[in-house]
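# Topology and contacts: notes
Spelled out from the first residue to the last, the chains are:
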Amino acid sequence: MYIKKTIPGSQPSAHLSQEIEGSVQGHRDGHGFVIRDDGEGDIYIPPNEMRAVLHKDRVRVRIVRQDRRGRPEGRVVEIIERPPQPIIGRLLQESGVWLVAPEDKRYGQDVLIPKGATGAAKPGQVVVVELTEPPALFGQPVGRITEVLGEVDDPGMEIEIAVRKYGVPHEFSEACLAEAKALPDKVRAQDKKRRVDLTDVPLVTIDGEDARDFDDAVYCEPAKVGRSKGWRLLVAIADVSHYVETGSPIDIDAYDRATSVYFPRRVIPMLPEKLSNGLCSLNPEVERLCMVCDMLITAKGEIHAYQFYPAVMFSHARFTYTEVAAILANTRGPEAGKRKERVKDLLNLHDVYRALLVARQQRGAVDFETTETQIVCDENGRIEKIVPRTRNDAHKLIEEAMLAANVCSADFIAQGGQPGLFRVHEGPTPEKQEILRNYLKAMAVGMTIGDSPKPAEFQAIAEATKERPDAQQIHTMLLRSMQQAIYTPINSGHFGLAFEAYTHFTSPIRRYPDLLVHRVIKAILNKTRYQLPTLPTPGEAHAKLAKRLAARVAAPGTKPRREDAKPASRDTQAWEAAGLHCSANERRADEASRDVEAWLKCKYMREHLGEEYSGVVSAATSFGIFVTLDAMYVEGLVHITELGGEYFKFDEARQELRGERTGIRYSIGTRVRVQVSRVDLDGRKIDFRLVREGEELLGRALKDKGMGPDGAGGGARKAGGRAGGRKADKGASMSATEKAGLTRERAARSPVQSLKASVKKAVADKASKGKARKPRRG
């Protein structure tokens, strides 16, 4: 680790601005940014300054000027810390010189490898490098190869790269494995003491076809709640805390990982396999220890009462979502015939789900329908296809049951008077609120959000606009205005789910916060107090997120803590650190998973270069549009220079690119046809080229321009005008069948041809006037 190195020629001067600390984020083009610790705007670092620093370095900078875009530009005056993170890349030999080109292009510089430091690596192989000499203003970094991962096309190489690139722990310690090996293979007699025997209750698991660890089991039966009908719902969760003791080697490794990481065809578990797939997994027809949330649910879907207790259970069946959905759809079908003894229980579960769903709607929880995809790989790890994940009633049934158990857990901890981790999701920041209000106004939605928005307002807007042609665009903007959820001991409620208190109780096999929640619940039941162990110091991810989230742990609208207020107790501070650590490593897992998926998609699309596809715009930016292909669910960029010969302006309020001459608009939901033009595997980027705008898009622009059926006449209407907006919406409602029905003969007579001619003329006019196109992305 390199600490406190002063950059030559950057000595402090009295007239320069205050020095600022932060972390370097490199850019593949050679420049970089400093992400400030205080959360203020990033500071631009020019390429010459980046020569002496590396991506992820912690530095102190001084703002010296503003660049041509108005961004503050900084000079690095000191390297505070260089995290000892290895660099992954490919070994190359150029003119007798060995070097490693980093796989993460944000590092910006190749690493020189002395002849005796290459080990057994061969040219072209993917290797791990440890720096021996840091970079300097006039010299490249020097390193030695510590590990050879293999050839770039080896199956699973993308995962090997990702776990090292993001610092995901992927090997258990020897102490952890030894402790796991010493655990019993099954539930013993002494393990059942002081537990409720639920082995005769027909609890079942319902999971995906490819699931290997089963956290939860459910059972429901009709029950009288007060004087009315209702249900008794049991949610049994694997009792991981019985086997993983606080501060043990398994616990330390689990805390370090904080979560399981899911990749296509591979999982890096939080717990050793003996626990995650064996002793703790609620496998069918074996006894397992569990923690139970036993609830009474009213006919209106309200939780009337609940209790927690440790139990021993026996899973009576292992169902898949597909199987349960088929049984619920047809109780006399072949699937139901194979599971006759469980059909009635599943119907009870479906009944309580519908009641819980009514309660969800009444409290105004946000519920957007989004398309999630699943990558299907062959035996060699290559993508065969990408398919959408469909959510049926079985998925939703389990989801509502888990939500109910999590709400009860949060309430139990809050009433127990002990610190614990809540799952907090706060409402939009004031800045995001203002952006959303401007957008809704620009799109003539006719509804908006208040100064202290409620989830029900978001849901009402989503419901009111679901039939509009631009519904996808509006719902995407609603979703993007929200913040990410975090773990914290300070309860601020869950905005999206519209709960006053919420936590995670239902997945202790794969999430460390759930394990902590189990321990706190047990402590309250036993009338003791749970004490967090002295765990390893959280790493870089925690430090980075802590700075960013420092202002978010207070409830929205609450007054800031007074300077003379009593500081948080040492216990609360420890829980805050644990929550931030778990939140940061949750982000780390997501980033690593996305990186692998992006790699696989790029390799997949390399086989389709030059091919044309239909797609939909998923985002509009100042430098172009991102398009998601219909057939493959792959996203790529159409750069602004590929949109045609006219000048395009980005409208931030409407989140769209608009042609200055023709009025052609590209916004979320716009349908286009593109050609795969370039695939950058190292950069995880796919570039498209616009093939044609399509009848719908040109027709909409034509109407906005007020052109007659012969393609002439009518001056351009103002952007965002009500009449133009209505006509645009009407044009956007053309169905795929209608588009397909446009024959060549009709298209030849279409006024679209006249508009195309006007576009060509506009290009010629602008070329003669020397008007520049939009510059490329910086």
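In short, a report on the structure. (Residues numbered from 1 in each chain as written. Predicted model: local features only at pLDDT ≥ 70, side-chain atom pairs only at ≥ 80, totals over all residues. Heavy atoms only, no water.)

Time to look at the overall build of the chain. Looking only at helices and strands, one finds 20 helices and 32 strands in the chain. The buried share among the 778 residues of the chain stands at 51%. Contacts in the chain between residues far apart in sequence, at least 24 positions, make up 68% of those at least 6 positions apart. Carbon and sulfur atoms make up 49% of the accessible area of the chain, which totals about 37400 Å². (Helix = DSSP H or I, 4+ residues; strand = E, 2+ residues; numbered from the N terminus. Buried < 20%, exposed > 50% of the residue type's maximum accessible area, 1.4 Å probe, protein only. Contact = heavy atoms within 4.5 Å. Areas by Shrake-Rupley, 256 points an atom, 1.4 Å probe, with all protein chains shown as cover.)

The backbone of Ala444 shows a phi angle near 55°, a positive value even though the residue is not glycine. The exposure class of Ala444 is exposed, given its relative accessible area of 56%. Of note, the phi angle at Arg684 is positive, near 55°, even though the residue is not glycine. With respect to the helices and strands, Arg684 occurs in the loop between strand S31 (671-680) and strand S32 (685-692).

Here the focus is the packing of helix H9 (residues 393-416) against helix H13 (residues 512-525). Running from amino to carboxyl end, H9 crosses H13 at an angle of 50°, the nearest separation of the two axes being 10 Å. Relative to H13, the element H9 is oriented oblique. In this structure, H9 meets H13 at a crossing whose hand is left-handed. Across from Ser409, Phe412, Ile413 and Gly416 in H9, the residues of H13 making contact are Val517, Val520, Ile521, Ile524 and Leu525. (Axes fitted to C-alpha atoms, helices over the stretch in contact; angles between N-to-C directions. Parallel < 35°, antiparallel > 145°, perpendicular 65-115°, else oblique. Left-handed = near helix turned anticlockwise from the far one by under 90°.)

Next up on the list: the sheet that holds strand S28 (residues 648-651). The 3 strands lie next to each other as S28-S29-S30, forming an open sheet whose pairing is antiparallel. Each edge of the sheet is formed by a strand with only one pairing partner; in this case those strands are S28 and strand S30 (665-667). In this sheet, adjacent strand axes meet at a mean angle of 20° when their direction is disregarded. Where strand S29 (residues 656-659) lies against S30, 3 bridges are found, and the strand directions are antiparallel. Within S30, the position partnered with Arg658 by the bridge is Arg665. (Pairing = 2+ DSSP bridges.)

The topology assignment puts Pro114 in the loop between strand S9 (111-112) and strand S10 (126-133). On the accessibility criterion, Pro114 (41% relative accessible area) is partly exposed. Each C-alpha atom, one on Pro114 and one on Val97, is 8.1 Å from the other, the two residues being 17 residues apart in sequence. Excluding residues that lie within four positions of it along the chain, Pro114 makes contacts with Val142 and Gly143.

For the pair helix H6 (residues 321-329) and helix H8 (residues 340-363), interaxial distance at closest approach is 10 Å and the crossing angle is 90°. Here H8 runs roughly perpendicular to H6, going by the angle between their axes. Across the interface between the two elements, Val324, Ile327 and Leu328 of H6 pack against Val343, Leu346, Leu347 and His350 of H8. In the contact of H6 with H8, the residues fall into 6 nonpolar, 1 polar and no charged. (Nonpolar A, V, L, I, M, F, W, Y, C, P; charged D, E, K, R; others polar.)

Applying the stated criterion across every chain yields a total of 50 salt bridges. For Arg164, the salt bridge is made with Glu147, and the minimal N-O distance between the two is 2.8 Å. With a gap of 17 residues between them, Arg164 in helix H2 (residues 157-165) and Glu147 in strand S11 (residues 142-150) connect regions that are remote in the sequence. We classify Arg164 as buried; its relative accessible area is 10%. Taking the relative accessible area as the measure of exposure, Glu147 reaches 32% and is therefore partly exposed. A salt bridge links Lys192 to Glu287, with the nearest nitrogen and oxygen atoms 2.8 Å apart. On the criterion of sequence distance, the pair formed by Lys192 in the loop between helix H3 (174-182) and strand S12 (196-197) and Glu287 in strand S18 (residues 287-298) is long-range, its members being 95 residues apart. For Lys192, a relative accessible area of 31% corresponds to the partly exposed category. Salt bridges linked by common partners bring Glu19, Glu21, Asp37, Arg58, Arg60, Arg62 and Glu78 together as one network. (Salt bridge = Lys/Arg side-chain N within 4 Å of Asp/Glu carboxyl O.)

Function-wise, these values are silent; they only describe arrangement.
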